Amino acid sequence: MAPIIGLTVSRIADRRDALSSTYVQAVQTAGGIAILLPNMVPPDVLNAVDGLILTGGGDFHPKWYEEPNRGTHMETISVERDITEIALIKEAEGRGMPMLGICRGIQALAVGLGGTLIQDVTSSIAHFQTAPRPEPTHTVEIDPTSRLFAVLGLVEKISVNSLHHQAVADVPPGWRVSARSEDGIIEAMEGKSGGAWSLGVQWHPEDMVQAGDGSALKIFQGLVESARHYRERRG
């Protein structure tokens with residue numbers, strides 16, 4: 001059986017949980033089985049999955065990293081989603097379960113494990129692009145000593161799409177920056193070597209997979225393969 005990947009979902013209008021099908025399709029293309037994890041699900045739901053994806057969406061409440069509002073879009077916040085994802089991240093980290101954070105998801109990993117956010121990115125680069133979602137609009141530089149570098153096939157620069165107004169400010173303890181954009185924004189971070197396969201990216205590779213981008217697919221393939229090994233280890 002293919003590895004089972006749990007995906008978090010957005011809370012819409014305080015009454016509906018939803019997720020773009022591009023995430024599910026990307027997991028399936030990479031060889032995994034995607035299941036959606038509704039908000040307020042208990043963390044022991046991870047007994048049923050082999051890997052976890054934290055998906056894109058609205059902002060995190062700054063109270064989770066002990067800051068006042070400095071540009072957070074408060075109208076996009078779902079406290080239920082914040083609570084759910086923080087609990088799932090801590091549980092997955094404790095289990096050594098592979099995790100992938102995408103856009104809001106990299107920010108979720110940062111907040112859930114002790115990092116902080118830039119609440120409102122200002123830059124000469126358009127980090128919230130007007131081009132179609134699958135279209136790359138700027139480049140990121142990959143640290144050649146990082147796991148991400150290996151996952152991408154020893155590539156030091158890639159072009160990515162960009163749809164965010166917040167970003168990671170401080171990575172959590174035990175994590176490292178693995179990619180930055182030209183303006184210095186953290187575009188990827190990962191758990192340090194020796195731990196579980198854990199990666200966060202600020203762009204949206206699920207949309208780029210649909211456009212046939214090979215680098216984007218490699219990210220999902222890396223998660224699915226690590227989830228396969230995780231399942232084998234836990235029996």
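Quick note: structure is the one above.
First things first, this report covers the structure right here in the doc.

The rules behind these values
- Residues numbered from 1 in each chain as written.
- Predicted model: local features only at pLDDT ≥ 70, side-chain atom pairs only at ≥ 80, totals over all residues.
- Heavy atoms only, no water.
- Buried < 20%, exposed > 50% of the residue type's maximum accessible area, 1.4 Å probe, protein only.
- Helix = DSSP H or I, 4+ residues; strand = E, 2+ residues; numbered from the N terminus.
- 1 Å grid on protein atoms, 1.4 Å probe; cavity = no way out; pocket = protein on both sides within 12 Å on 5 of 7 lines; lining within 4 Å.
- Points joined across faces, edges and corners; volume = space filled by probe spheres on them.
- Nonpolar A, V, L, I, M, F, W, Y, C, P; charged D, E, K, R; others polar.
- Salt bridge = Lys/Arg side-chain N within 4 Å of Asp/Glu carboxyl O.
- Phe/Tyr/Trp six-rings, centres within 6.5 Å; stacked < 30°, edge-to-face > 60°.
- Lys NZ or Arg CZ within 6 Å of the ring centre and 35° of its normal.
- Axes fitted to C-alpha atoms, helices over the stretch in contact; angles between N-to-C directions.
- Parallel < 35°, antiparallel > 145°, perpendicular 65-115°, else oblique.
- Left-handed = near helix turned anticlockwise from the far one by under 90°.
- Contact = heavy atoms within 4.5 Å.
- Core = buried A, V, L, I, M, F, W, Y, C linked by side-chain atoms within 4.5 Å.
- Pairing = 2+ DSSP bridges.

Some points on helix α3 (residues 104-112)
For step 1, the next point in the chain: Of all nine residues making up α3, nine are buried, and the element is well covered by its neighbours.
For step 2, the next point in the chain: Taken residue by residue, α3 has R104, G105, I106, Q107, A108, L109, A110, V111 and G112 as its buried positions.
For step 3, the next point in the chain: One or two steps after α3, the chain reaches G114, where phi turns positive at roughly 110 degrees.

Re the layout of surface pockets
For step 1, the next point in the chain: One number sums up the size of the largest pocket: a volume of about 370 Å³.
For step 2, the next point in the chain: Secondary structure elements with two or more residues in the lining of the largest pocket: α1 (21-29), α3 and α5 (205-210).
For step 3, the next point in the chain: In the lining of the largest pocket, the residues fall into six nonpolar, 13 polar and five charged.

Describing the pattern of salt bridges
For step 1, the next point in the chain: Summed over the entire model, instances satisfying the criterion amount to twelve salt bridges.
For step 2, the next point in the chain: Here E85 and R81 are joined by a salt bridge, their closest N and O atoms 2.9 Å apart. You can see E85 and its partner R81 sitting in helix α2 (residues 79-95), four residues apart, about one turn around the helix.
For step 3, the next point in the chain: E85 sits in the buried class, given a relative accessible area of 0%.
For step 4, the next point in the chain: Each of R81, D82, E85 and R104 takes part in a single network of salt bridges with overlapping partners.

Here we look at the packing of aromatic side chains
For step 1, the next point in the chain: Within the structure shown, the criterion is met by zero aromatic pairs.
For step 2, the next point in the chain: Here K63 stacks its cationic end above the ring of W64, 4.9 Å away from the centre of that ring.
For step 3, the next point in the chain: Sitting above the plane of the F60 ring, R104 keeps its charged end 4.0 Å from the centroid.

A few points about the packing of α1 against helix α6 (residues 214-234)
For step 1, the next point in the chain: Where α1 contacts α6, the two axes come as close as 8 Å, and the packing angle between them is 65 degrees. By the angle between their axes, α1 is roughly perpendicular relative to α6. Judged by the twist between their axes, the crossing of α1 over α6 is right-handed. Counting all contacts with α1, which are made through A26, V27 and T29, the residues of α6 involved are L217, F220 and V224.

Some remarks on the packing of α2 against α3
For step 1, the next point in the chain: Two numbers describe how α2 lies on α3: the axes approach to 9 Å, and their chain directions differ by 70 degrees. By the angle between their axes, α2 is roughly perpendicular relative to α3. The chirality of how α2 crosses α3 is right-handed. On the side of α2, the interface is formed by R81, D82, E85, I86, I89 and K90, while α3 contributes R104, A108, L109, V111 and G112.
For step 2, the next point in the chain: For the contact of α2 with α3, the residue count by class is five nonpolar, one polar and five charged.

A word on the nonpolar core
For step 1, the next point in the chain: Formed by 34 residues in total, the largest nonpolar core has its most connected members in I53, L100, I102, I142, L148, W203 and F220.
For step 2, the next point in the chain: Take this core: its biggest share by element is seven residues, from α6.

A word on the sheet that holds strand β13 (residues 198-201)
For step 1, the next point in the chain: If you walk across this open sheet you meet the nine strands as β4-β1-β5-β6-β13-β12-β11-β8-β9, and the pairing is mixed. The open sheet terminates on both sides in strands that have one partner only, identified here as β4 (33-37) and β9 (157-160). Ignoring which end each strand starts from, the neighbouring axes of this sheet average 20 degrees apart.
For step 2, the next point in the chain: Set on the sheet, α1 makes contact with β1 (4-8), β4, β5 (51-54) and β6 (99-102); between it and β4 the angle comes to about 150 degrees.
For step 3, the next point in the chain: The strands touched by α6 are β1, β5, β6, β9 and β13; relative to β6, the strand with the most contacts, the crossing angle is about 150 degrees.

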